Amino acid sequence: MSNISQTSRGYKPHVVRELLGVSKEKLRYWKANLDPKPTRSYFSANDLFAYRIIQACVEDLRILPNELKDFELSKVFDFCQSHDFTTFNRYFIKIDTETSTLLIAEDTGNVSNR
């Protein structure tokens with residue numbers, strides 16, 4: 001692994017690709033089609049977490065990237081920007097592929113499927 005460092009402005013795209021283990025083309029597609037700020041030149045640590053959520057949807061849940069366009073992914077980016085990194089483990093994301101909706105909620109230990 002190369003020297004991974006964050007500049008004062010954030011992570012450069014090649015660093016994000018290396019951290020996520022994705023190709024240049026994949027990151028470019030996600031950025032152009034799924035990122036609410038597709039012209040960003042640098043990525044914050046919180047942006048990186050939002051991209052990891054996108055990656056989990058695509059690679060782990062097998063949701064096609066063009067289907068993710070129907071989800072309000074700006075909520076994921078907004079959530080990641082408005083919360084301290086150390087609190088992420090207190091939340092969960094519920095994804096409903098039938099209605100193309102996602103819910104970000106605090107895990108209270110008694111979450112029911114509705």
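Above this note sits the structure.
Note that the structure is a prediction, hence the values are computed from the model and not measured.

The rules we used
- Residues numbered from 1 in each chain as written.
- Predicted model: local features only at pLDDT ≥ 70, side-chain atom pairs only at ≥ 80, totals over all residues.
- Heavy atoms only, no water.
- Pairing = 2+ DSSP bridges.
- Helix = DSSP H or I, 4+ residues; strand = E, 2+ residues; numbered from the N terminus.
- Salt bridge = Lys/Arg side-chain N within 4 Å of Asp/Glu carboxyl O.
- Buried < 20%, exposed > 50% of the residue type's maximum accessible area, 1.4 Å probe, protein only.
- Phe/Tyr/Trp six-rings, centres within 6.5 Å; stacked < 30°, edge-to-face > 60°.
- Contact = heavy atoms within 4.5 Å.

**Student:** Outline the pairing of strand S2 (residues 101-106), supporting the account with residue identities and numerical values.
**Tutor:** Both faces of the sheet carry side chains from a regular strand, because those side chains alternate between them. Two strands pair when backbone bridges link them, and strand S1 (residues 91-96) and S2 are joined in this way by 6 bridges, in the antiparallel orientation. By the bridge assignment, Ile93 is partnered in S2 with Ile104. Between S1 and the antiparallel strand that follows it, S2, lie 4 residues; Ser100 among them carries a positive phi value of about 55°.

**Student:** Tell me about the pattern of salt bridges, residues and numbers included.
**Tutor:** In this structure the tally under the stated criterion is 6 salt bridges. Note that Asp47 is salt-bridged to Arg40, the shortest N-O span being 2.6 Å. Arg40 carries the same exposure label as Asp47, and that label is buried. Across the pair Asp60 and Arg52 runs a salt bridge whose closest N-O atoms are separated by 3.8 Å. When salt bridges with common partners are traced through the structure, they connect Asp35, Arg40 and Asp47 into a single cluster.

**Student:** Please give an account of the packing of aromatic side chains that cites residues and values.
**Tutor:** How two aromatic rings sit relative to each other is given by the distance of their centres and the angle of their planes. Across all of its chains, the model carries 5 aromatic pairs by this definition. When the centroid spacing of 5.6 Å and the interplanar angle of 85° are considered together, the rings of Tyr51 and Phe77 count as edge-to-face. Pair noted here: Tyr51 is in helix H3 (residues 45-60) and Phe77 is in helix H5 (residues 74-82), with a separation of 26 residues, a long-range link. For the pair Tyr51 and Phe77, one class covers both residues: buried.

**Student:** Outline the environment of Phe77, supporting the account with residue identities and numerical values.
**Tutor:** Relative accessible area serves as the criterion here: at 3%, Phe77 is assigned to the buried category. Placed 42 residues apart in sequence, Phe77 and Asp35 show a C-alpha to C-alpha distance of 8.0 Å. Once residues lying within four places of it in the same chain are set aside, the contact partners of Phe77 are Leu34, Asp35, Pro36, Arg40, Asp47, Ala50, Tyr51 and Ile54.

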